[in-house]
Amino acid sequence: MPSGLLAVSGPDSDDGNGPHITVPVPPGECVLEEAQARHTYHCEWEGSQVTRTDTMAVRVLVSDIPAATGPA
C-alpha cells in the first residue's frame, strides 16, 4: 500500500449506500488473506452437480502486532 491509506466498502445494495471508510496504515506491502467456502449443488441449467468456491471475507494484515490485548 504505497499511499498509506486503506479504503474499505461494505456490501452495497443496488443504490451504493453501504458503509465506506478510509483508514491510515503504514505505507508498504501488506498480506491479504481470503476466507473461502466451497459448496456443491444441483444446477438446473447444467443438469448436473456444480461445485463453487466463493469468497466470504478478506483481511488485510498491516502489522504483526495484535490490534488489542486483554488484561494480564
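Residues numbered from 1 in each chain as written. Predicted model: local features only at pLDDT ≥ 70, side-chain atom pairs only at ≥ 80, totals over all residues. Heavy atoms only, no water.

Peer 1: Would you take a moment to explain the pattern of salt bridges for this structure?
Peer 2: Two side chains with opposite charge may pair up if their charged atoms get near one another. Evaluation of the coordinates by the stated rule reveals 2 salt bridges. Ionic pairing is found between Glu33 and Arg59, a salt bridge with its closest N-O pair at 2.4 Å. With Glu33 in strand β3 (residues 31-43) and Arg59 in strand β4 (residues 48-61), the pair connects residues that are 26 residues apart, well separated along the chain. Judged by relative accessible area, which is 30%, Glu33 ranks as partly exposed. We note a salt bridge from Arg52 to Asp54, for which the minimum N-O separation is 2.7 Å. Residue Arg52 is classed as partly exposed on the basis of its relative accessible area, which comes to 37%. On the basis of relative accessible area, Asp54 is assigned to the partly exposed category, the value being 21%. (Salt bridge = Lys/Arg side-chain N within 4 Å of Asp/Glu carboxyl O. Helix = DSSP H or I, 4+ residues; strand = E, 2+ residues; numbered from the N terminus. Buried < 20%, exposed > 50% of the residue type's maximum accessible area, 1.4 Å probe, protein only.)

Peer 1: Before we go on, may I ask you to explain the pairing of β4 in this structure?
Peer 2: Each regular strand shows side chains that alternate between the opposite faces of the sheet. In this structure, β3 lies alongside β4, joined through 13 bridges in antiparallel fashion. Looking at the pairing, Ala37 lines up with Asp54 of β4. Connecting the antiparallel pair β3 and β4 is a turn made up of 4 residues, with Gly47 showing a positive phi of about 65°. (Pairing = 2+ DSSP bridges.)

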